[in-house]
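In case you want the letters, here they are:
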Number of protein chains: 2
Amino acid sequence: MQLLKDRIQKEGRVLPGNIIKVDGFLNHRVDIRLMEEIAKEFELYFNTRDITMVLTAEASGIALAAICAQRYNVPMVFAKKAKSDNIEGGLYQSEIYSYTYKKKVTQILSKEWLTAGDRVLIIDDFMANGEAVRGLCDLVSQAGAALMGVGIAIEKGFQGGGDRLRNMGVNYHALAVIESAEPGHIVFRDDM
Amino acid sequence: MQLLKDRIQKEGRVLPGNIIKVDGFLNHRVDIRLMEEIAKEFELYFNTRDITMVLTAEASGIALAAICAQRYNVPMVFAKKAKSDNIEGGLYQSEIYSYTYKKKVTQILSKEWLTAGDRVLIIDDFMANGEAVRGLCDLVSQAGAALMGVGIAIEKGFQGGGDRLRNMGVNYHALAVIESAEPGHIVFRDDM
């Protein structure tokens, strides 16, 4: 998606440790108009009229997922981290490793809001190692629901999370795949 | 806001410890159409044409804040919890106590995305003790930005957070103020 790649080239910054900072438009300050364009772009890859919900993981995916759900006219559900006291029993749970927080995190999702009849489109803003999405796929599987696709705005292609999903045959699409990132020099994988 | 109160009465549940569960439409599974109605309703109370950004706190406020920012045609910024490694220095920080997680949490916000020239509308889905919003107000103050208002969808009136803001003279509005909550019996404060 050229618009997104242009924004990454113009405003993204590469920090030591291959961290790609896009927090001016994607995951800290959010450009809602860009989210609308991303939501439109996903329609090229996913049959959004055939889904019953958009699923994401807290926190940074929520804004994009909300705008997608709005466009596709379905509810948005987000898996929560860890245990808060306002979710009762009846939870799906998946264990993932958060590289951001450098610890294991448990994703939880109430069984009330994801059931075997659901047709789920997973949306997230960013994929690196893919742990968050792996956990979401696991939640969908636990529910016996249908995984209709996984849509990611920006993938760090060199960290393998996206390729693992591609190799599993998941209907996976990322709109900008970063192949290498050095300060001042970001290279995208060829469009698929 | 009658539509919101009706949803709370119909779908909300009261758990032991005065926990009000509205996670079927507000903060786990999110009804985006309802968020759109809430965003419209806030226009009765706030001059949304005079703001430069919507500010919220991760995680559950993000969906509502995104839909509000979309309607008011401004970016949405969310304060993050704790320290992740993809935010550099140059941060505003505020310490709050999270009753949900029963521990101190540090809210952080990059100085890049909130500056003295900003006119900020704080939006959150839920207010109980008001710690999250108190922290957000503190971030706005640290930036020297103008706090144009604080809009909350559901307030637990009996926990005092909303009244503290009202007494401070903040332009504060909650669309449904719950005065008391017992299992099967939710009472709202009279409309203001």
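The structure we're discussing is the one just above.
Basis of the calculations
All residue numbers here refer to positions counted from 1 along the written sequence of the relevant chain. Written order determines the labels here, with chains lettered from A and ligands numbered from 1. Local features in this predicted model are restricted to residues whose pLDDT is 70 or higher, and side-chain atom pairs enter the listing and the counts only when it is 80 or higher, whereas totals over whole chains, interfaces and linings include all residues. Computation of side-chain values: all heavy atoms of the structure, hydrogens and water removed. Where helices are involved, their axes are fitted lines through C-alpha atoms of the stretch in contact, as for all axes, and angles between N-to-C directions lie from 0 to 180°. By definition, any uninterrupted DSSP run of H or I lasting at least four residues is a helix, any uninterrupted run of E lasting at least two residues is a strand, and each is numbered from the N terminus. The labels follow the angle: roughly parallel below 35 degrees, roughly antiparallel above 145, roughly perpendicular from 65 to 115, and oblique for the rest. Residue contacts are defined here by distance: any two heavy atoms, one from each residue, within 4.5 Å place the two residues in contact. Gly counts as polar in this scheme, as do all residues outside two lists: the nonpolar Ala, Val, Leu, Ile, Met, Phe, Trp, Tyr, Cys and Pro, and the charged Asp, Glu, Lys and Arg. Least-squares fitting of one copy onto the other uses the C-alpha atoms of those residues that reach a pLDDT of at least 70 in both copies. Note that a disulfide, as used here, is simply two cysteine sulfur atoms within 2.5 Å. We call a residue buried when its accessible area falls under 20% of the maximum for its residue type, exposed when it is over 50%, and partly exposed in between, using a 1.4 Å probe and counting protein chains only. The directions considered for the arc run from the helix axis to the C-beta atoms. Here a polar contact is recorded for every N or O atom pair within 3.5 Å, except that within protein the pair must consist of a potential hydrogen donor and a potential acceptor, and residues adjacent in sequence are included only if both atoms are side-chain atoms.

> Pulling in residues and values, what's your account of the packing of helix 1 (residues 2-11) of chain A against helix 2 (residues 32-42) of chain A?
All names here are of chain A. Two elements in contact, helix 1 and helix 2, have axes separated by 10 Å at closest approach and are oriented at 140°. In this view, helix 1 runs oblique relative to helix 2, as classed from their interaxial angle. Side by side, helix 1 and helix 2 meet where Leu3, Leu4 and Arg7 of the first sit next to Leu34, Glu37 and Ile38 of the second. In terms of residue class, the contact of helix 1 with helix 2 is built from 4 nonpolar, no polar and 2 charged.

> Can you lay out the relation of the copies chain A and chain B for me, pointing to particular residues and giving the numbers?
Rotating chain A by 180° and translating it 0.0 Å along the rotation axis places it on chain B, where the RMSD comes to 0.0 Å. What the rotation and shift describe, once combined, is the action of a two-fold rotation axis. Mapped onto chain B, 98% of the interface residues of chain A are again interface residues, and the two copies thus contact each other with one and the same surface.

> Would you mind going over the state of the cysteines in detail, with residue names and values included?
Residues and elements named next belong to chain A. Under the counting rule described, the total for this entry stands at 0 disulfides over all chains. Sulfur of Cys68: no disulfide; nearest cysteine sulfur belongs to Cys137 and is 16 Å away. Judged by its relative accessible area of 0%, Cys68 falls in the buried class.

> How would you summarise helix 2 of chain A if you had to cite specific residues and measurements?
Residue and element names in this part refer to chain A. Residues of helix 2 that are buried include every one of Ile32, Leu34, Met35, Ile38, Ala39 and Phe42, and no others. Down the axis, helix 2 shows its buried residues gathered within 150° of arc, on one side only. Between a side-chain oxygen at the N-terminus of helix 2 and the backbone nitrogen of Arg33 the separation is 3.0 Å; the capping residue is Asp31.

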